[in-house]
Amino acid sequence: MADAAHFRGTGHSAARRWLRRAVALTAGAPLLAGLLAGTAQAAHTAVPAAPEPASAPVKAGADGTVAVALNTLSPSAPVKGDTLTISGTVTNRGKTAVDDADVDLRVGPRLSGRSAIDDAANASASTAVQVAPLGGKYRVKIAHLPGRARQDFALSVPVSDLGLDESGVYQLGVSLSGETAREPWDHVLGIQRTFLPWQPEPTDKKTQLTFLWPLVSTIHLSAQTGADEQQTPVFDNDDLAADLAPGGRLQQMVALGSQLPVTWVIDPDLLATVDAMTHRYSIKKGNTTVPGKNQQLANQWLNSLEKAVQHHPVVALPFADPDLASLAHTGRGVSGGLSHLQPATQVAATTVDTILHVTPSTDFAWPVDGAVDPSIVDVATSAGADKVIARSDSLVDNLPYTPTAARPVGGGTTAVVADTRLSTAFQGDLTTASASTLAVQRFLAQSLALAQQEPDKQRSIVVAPQRMPNAGQVQAMAAALHGLDSERWTEPQNLMDAASATPDPSANTHVPPQSGYPRSLRKQELPTSAFQQIQDTQDLLTRFTDILSAPDRVEAPFANAQERSMSTSWRGDTGRASAYRGSVRAYLDGLRGEVLLVPKSDLTLSGASATIPVTVQNKLLQDVQHLVLRLSSSKPTRLKLDGDKAVADQPIKVGGGHSQSVKFTGTGNANGPVEVSAQLFTQDGRPYSQKMTFEVKVSEITPTAMLVIASGVLLLVFAGVKMYSRRKRAAARRAAAQEARGDGPEGGPDDGPADGPGDGPANGSDGEQPSDPAVDTRPGNPAPSGSGEKVDR
């Protein structure tokens, strides 16, 4: 047949069905003749073709002339009495026009098993067999399709006319046949194949289907917070807002998932990040930050999610969804590499409960793509989880059917093995309607074929799709699950019940060795150096928080940032992962640098002993304590500290935003310069600050200088005695004069100031001494000391 399309696996029963259909169509020819003209008139006018996406999964005919796209197929799983409606687009890829063309529907043979579906999906025209179109009124006539043009079409066929016999999965194709100037005879120029699941009556033993609905995102929050009391969070970017907005990936996940029987699998970090957006937040922009403005959007999304998960099963992953495989393969060798997993699990339940007001399960671990080996299972269960979500391409079964998902793998651990075909059905580019339709139909076909493997055995099957499906993939997933709404061969089940189902005794329970872990996944793992950097940052953080009066203000943001540094979302993006870890360390270094020693200039020590001041400045908003300031003399024989020491220590406590001057006693034993170093240490003796050095010039006082000073003191004493004697003689003369005049000792009106030089207090002060200068209580100046600073006794 020149206009035949190709399907794989047509058998003798199909040939008999085509014969019956041909007889029926011939008998109805007079009635159908009047309808063909109307069908032809219903065809849309051809329009220039828009550029087709390179990734669109469209298969052209033998000469690749025409591409056929199936945009809708409804219902996706029909029953008796339904009418199947198909719409789509045909595109002439060539430059030559196609004339006298027909868009036809073709129903291929029933496929026997899941592998047959795979073979049919991947079949080429050269390995397929021919199937005739339905023809008659079930076609669309296109008189002329210009080169580079496209045209929409729509077909409607009662299910009773499709020739479907027993239940199962049938191949379905839409083809375009016509003539070209190069090939002026009727032949197939393009075809698109898909699958049609046919189960008119419910099965006795329905497959219990668990579909995971993952709410996971990339990292958006930085370790940095504002210096205000509220510690305003700082975002690396504002990309999350696009995912939360109408039509965005996360908005679609919530809106569509709320109508589906799914198990929500949530990364608590995503909740914490969106919750941070509901308040005041900032976004990095170059070297500064700008205020975020999407508080309302974040509130709306969280409110919608809270309503969606009520009365639904919720599983909480460890905070920030740590990469379990990376931890197992490269992180275990780093001391403390696994120490973050337990806190990440503990905070997970609290975060979900606080924000969504539901109690999640934290019993499940989910390695990337469900790939497991013994080390991954050990790490996954080390934080308390006793169930690992694996996948059937990792834990392979050599059975003629798909067994129940749950199975014991030793050590009290249950592997919940997701079906690979169903779990990967929605990967790839599903942005076009045609690609989405094909994915939905293939998923439904595989689920029906699975149910028909062992019709008398009820099994629990789990679907674990990719962690972060895009909006197009989310919509396809939702459409597929709605195709199962009638529950003719499946019924929904939550993940907790699937994990506790009775295992199949024939199922594989042996975890594959580490050598079997996929190379493609291993190449994406975080390197050992990444975990070493994370641990170095953690050690530095511990030393920093030990000196703070309110360490929780620093511990919580940095603990979350450390968890985010080992997130699964960094896979395939090593550059951004490294930059994030570097930014966490740089921010911590910046905070630690806010507690510092104020630089000093050289000092001159005049005398045998003097005070050496060192200023500690605290630019943080909180007090620092448990610090020790250590001063060291490089030449203790020339300069000793605090008595008879080469090294002197003093405890430090400085208020937030203040400076403190710490004074050490220096004792000079010989003239000359001495290099002195000052450094801050933690109480356990670990260096906190860099060493600061300055020079002290020791200038010891000689015996000759002491003799000069003593002589000066004696002169002052003699001068005082002389002044006292002169004043006493003057007083005696005044008394004698008064007695001669008979005035008496009380004196009279002629009393006056004493005569002679030096009589009476100097400068008319009436004997009072000039007052001492007032004590300066102002804060010390934290600026560096002036050049040649002199320290007197």
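Rules behind the numbers
Residues numbered from 1 in each chain as written. Predicted model: local features only at pLDDT ≥ 70, side-chain atom pairs only at ≥ 80, totals over all residues. Heavy atoms only, no water. Helix = DSSP H or I, 4+ residues; strand = E, 2+ residues; numbered from the N terminus. Contact = heavy atoms within 4.5 Å. Areas by Shrake-Rupley, 256 points an atom, 1.4 Å probe, with all protein chains shown as cover. Patch = residues over 30% accessible without salt bridge, like charges linked within 9 Å, V, L, I, M, F, W, Y side chains within 5 Å. Salt bridge = Lys/Arg side-chain N within 4 Å of Asp/Glu carboxyl O. Lys, Arg positive; Asp, Glu negative; His and termini not counted. Charge placed at Lys NZ, Arg CZ, Asp CG, Glu CD. Phe/Tyr/Trp six-rings, centres within 6.5 Å; stacked < 30°, edge-to-face > 60°. Lys NZ or Arg CZ within 6 Å of the ring centre and 35° of its normal. Pairing = 2+ DSSP bridges. Axes fitted to C-alpha atoms, helices over the stretch in contact; angles between N-to-C directions. Buried < 20%, exposed > 50% of the residue type's maximum accessible area, 1.4 Å probe, protein only. Parallel < 35°, antiparallel > 145°, perpendicular 65-115°, else oblique. Left-handed = near helix turned anticlockwise from the far one by under 90°. Nonpolar A, V, L, I, M, F, W, Y, C, P; charged D, E, K, R; others polar. Core = buried A, V, L, I, M, F, W, Y, C linked by side-chain atoms within 4.5 Å. Expected span 1.5 Å × (residues − 1). Arc of directions from axis to C-beta. Polar contact = N/O pair within 3.5 Å; in protein donor to acceptor, adjacent residues only side chain to side chain.

S.K.: Please explain the overall build of the protein chain as it appears in this structure.
M.R.: The number of helices and strands found in the protein chain is 19 helices and 33 strands. Residue pairs in contact within the protein chain that sit at least 24 positions apart in sequence constitute 79% of those at least 6 positions apart. Total accessible area on the protein chain stands at roughly 36800 Å², and carbon and sulfur atoms take up 52% of it.

S.K.: How do you make sense of a negative patch on the surface when you look at a structure like this?
M.R.: A cluster of acidic residues, D546, D552, E555 and D684, forms a negative patch on the protein surface. If you trace the backbone, E555 turns up in helix α17 (residues 552–565).

S.K.: Whenever I open this one, the packing of aromatic side chains confuses me. Can you help?
M.R.: Any two aromatic rings considered together are summarised by their centre-to-centre distance and by the angle between their planes. Counting across every chain of the model gives six aromatic pairs. The interplanar angle of 40° and the centroid separation of 5.2 Å between the aromatic rings of F426 and F443 together place this pair among those described as tilted. On the criterion of sequence distance, the pair formed by F426 in the loop between α11 (420–423) and α12 (433–451) and F443 in helix α12 is long-range, its members being 17 residues apart. The ring of F364 has K387 lying over it, and the distance from NZ or CZ to the ring centre is 5.7 Å.

S.K.: Sorry if this is basic, but what is going on with the sheet that holds strand β5 (residues 98–111) here?
M.R.: The strands making up a sheet associate through backbone hydrogen bonding, with each pair oriented either parallel or antiparallel. Judged by pairing direction, the sheet is antiparallel, and its four strands sit side by side in the order β7-β5-β9-β10 without closing on themselves. Looking at the sheet topology across the chains shown, the edges are occupied by β7 (139–145) and β10 (187–198). Neighbouring strand axes in the sheet, compared pairwise and without regard to direction, differ in orientation by 25° on average. Relative to strand β9 (residues 168–180), β5 runs antiparallel, the two sharing ten bridges. From the neighbouring strand, D99 faces β9, where its bridge partner is E179. Running at roughly 45° to β10, α12 makes contact with β9 and β10 of the sheet.

S.K.: Help me understand the pairing of strand β27 (residues 624–633) in this model?
M.R.: Put simply, side chains in a regular strand alternate between the two faces of the sheet. With respect to burial, β27 is a largely interior element, seven of its ten residues being buried. Bridge count between β27 and strand β29 (residues 647–654): seven bridges; the pairing is antiparallel. The residue of β29 that forms the bridge with L627 is I652. Summarising the sheet, β27 and strand β31 (residues 672–682) pair through seven bridges and their orientation is antiparallel. Its bridge partner being in β31, R630 is matched across the sheet by Q679.

S.K.: What's the story with the side chain of R249 in this structure? I'm lost.
M.R.: Mapped onto the secondary structure, R249 falls in helix α5 (residues 249–257). Apart from residues lying up to four places away in sequence, R249 is in contact with V216, S217, D243, M468, P469, N470 and A471.

S.K.: It is not clear to me how helix α3 (residues 114–122) should be interpreted in this structure. Could you clarify?
M.R.: Turning to α3, its buried residues number three or more, namely R114, A116, I117, D118, A120 and A121. Buried positions along α3 lie against β5, β9, β10, α11 and α12.

S.K.: Whenever I open this one, the packing of helix α16 (residues 528–545) against helix α18 (residues 574–592) confuses me. Can you help?
M.R.: A pair of packed helices is captured by two measures, namely the crossing angle of their axes and the spacing between those axes. Relative to each other, α16 and α18 sit at 20°, their axes nearing to 10 Å. With respect to α18, the axis of α16 lies roughly parallel. By crossing handedness, the relation of α16 to α18 is classed as left-handed. Residues A530, Q533, I534, D536, T537, L540, L541 and F544 of α16 form the contact with α18, whose own contacting residues are R581, G582, V584, R585, L588, D589, L591 and R592. A per-class count over the contact of α16 with α18 returns eight nonpolar, three polar and five charged.

S.K.: Explain the sheet that holds strand β30 (residues 659–668) here, please?
M.R.: Strand order in the open sheet formed by four strands is β24-β26-β30-β28, and the pairing between neighbours is antiparallel. With one partner strand each, in any of the chains shown, β24 (595–597) and β28 (639–641) form the two edges of the open sheet. In this sheet, neighbouring strand axes are inclined to one another by 35° on average, regardless of whether the strands run parallel or antiparallel. Across three bridges, β28 lies against β30 in antiparallel orientation. When the bridges of β30 are listed, K640 appears paired with T667.

S.K.: Would you mind going over a positive patch on the surface with me for this structure?
M.R.: On the surface, a cluster of positive charge is made up of K722, R726, R727, R729, R733 and R734. For R734, the position within the fold is in helix α19 (residues 703–741). Taking relative accessible area as the criterion, R734 reaches 38% and is therefore assigned partly exposed.

S.K.: Can you help me understand the packing of helix α6 (residues 268–277) against helix α9 (residues 341–356) in this one?
M.R.: Interhelical geometry of α6 versus α9 gives an angle of 45° and a closest axis separation of 9 Å. What the angle tells us is that α6 and α9 run oblique. Considering how the two elements wind past one another, α6 and α9 form a crossing that is left-handed. Contact residues: P268, L271, A272 and D275 in α6; A348, T351, V352, I355 and L356 in α9. Residues that form the contact of α6 with α9 fall into these classes: seven nonpolar, one polar and one charged.

S.K.: Please explain the nonpolar core as it appears in this structure.
M.R.: General note: in soluble globular proteins, nonpolar side chains tend to be found buried as a group. Counting 75 residues, the largest nonpolar core has F544, F558, L629, L631, L680 and V696 as the members making the most contacts within it. Setting aside residues up to four positions removed in sequence, F544 forms contacts with V554, L588, L591, R592, L620 and Y688.

S.K.: Before we go on, may I ask you to explain α18 in this structure?
M.R.: Given 3.6 residues per turn, any residue in an α-helix points the same way as the ones three and four places further on. For α18, built from 19 residues, the straight-helix expectation of 27 Å at 1.5 Å per residue is met to within 8% by its first-to-last C-alpha distance of 27 Å. Those residues of α18 lying buried are A577, Y580, R581, V584, Y587, L588, L591 and R592. On an axial view of α18, the arc spanned by its buried residues comes to 145°, and they lie on one face. Turned more than 90 degrees away from the buried face of α18, the exposed residues are T574, G575 and A579. In this fold, the buried residues of α18 make contact with β12 (221–225), α16, α17 and β24.

S.K.: Sorry, what's going on with unusual backbone geometry here?
M.R.: What is expected of a backbone is that most residues other than glycine have negative phi and most peptide bonds are trans. Residue S74 is joined to P75 through a cis peptide bond whose omega torsion reads -5°. Relative to the helices and strands, P75 resides in the loop between β3 (66–74) and β4 (83–92). Look at Q231: it is not a glycine, yet its phi comes out positive at around 50°. Tracing the backbone shows Q231 in the loop between β12 and β13 (233–235). Notably, D321 is not glycine yet its phi reads approximately 50°, a positive angle. Topologically, D321 is positioned in the loop between β17 (314–316) and α8 (324–331). Using a relative accessible area of 3% as the deciding quantity, one classes D321 as buried.

S.K.: What's the story with the environment of R630 in this structure? I'm lost.
M.R.: The residue R630 is located in strand β27 in this model. Residues in contact with R630, not counting those within four places in the same chain, are V647, A648, D649, S677, A678, Q679 and F681. In this structure the side chain of R630 is engaged in a polar contact, spanning 2.9 Å, whose partner is the side chain of D649.

S.K.: Sorry, what's going on with the pattern of salt bridges here?
M.R.: Close approach of charged atoms allows side chains of opposite charge to pair. Enumeration over the complete set of coordinates arrives at 21 salt bridges. D419 is paired through a salt bridge with R114; the nearest N and O atoms lie 2.8 Å apart. Placement of D419 in the loop between β21 (414–418) and α11 and of R114 in helix α3 is noted, with a sequence separation of 305 residues between them. With respect to class, D419 is no different from R114; both count as buried. Here D118 makes a salt bridge to R442, at a shortest N to O gap of 3.3 Å. With D118 in helix α3 and R442 in helix α12, this residue pair connects regions lying 324 residues apart in the sequence. Exposure remark for R442: the relative accessible area of 31% places this residue in the partly exposed category. Taken together, the salt bridges that share partners define one network made up of D100, D102, D104, R139 and K141.

Read these as layout, nothing more, since geometry by itself doesn't imply function.
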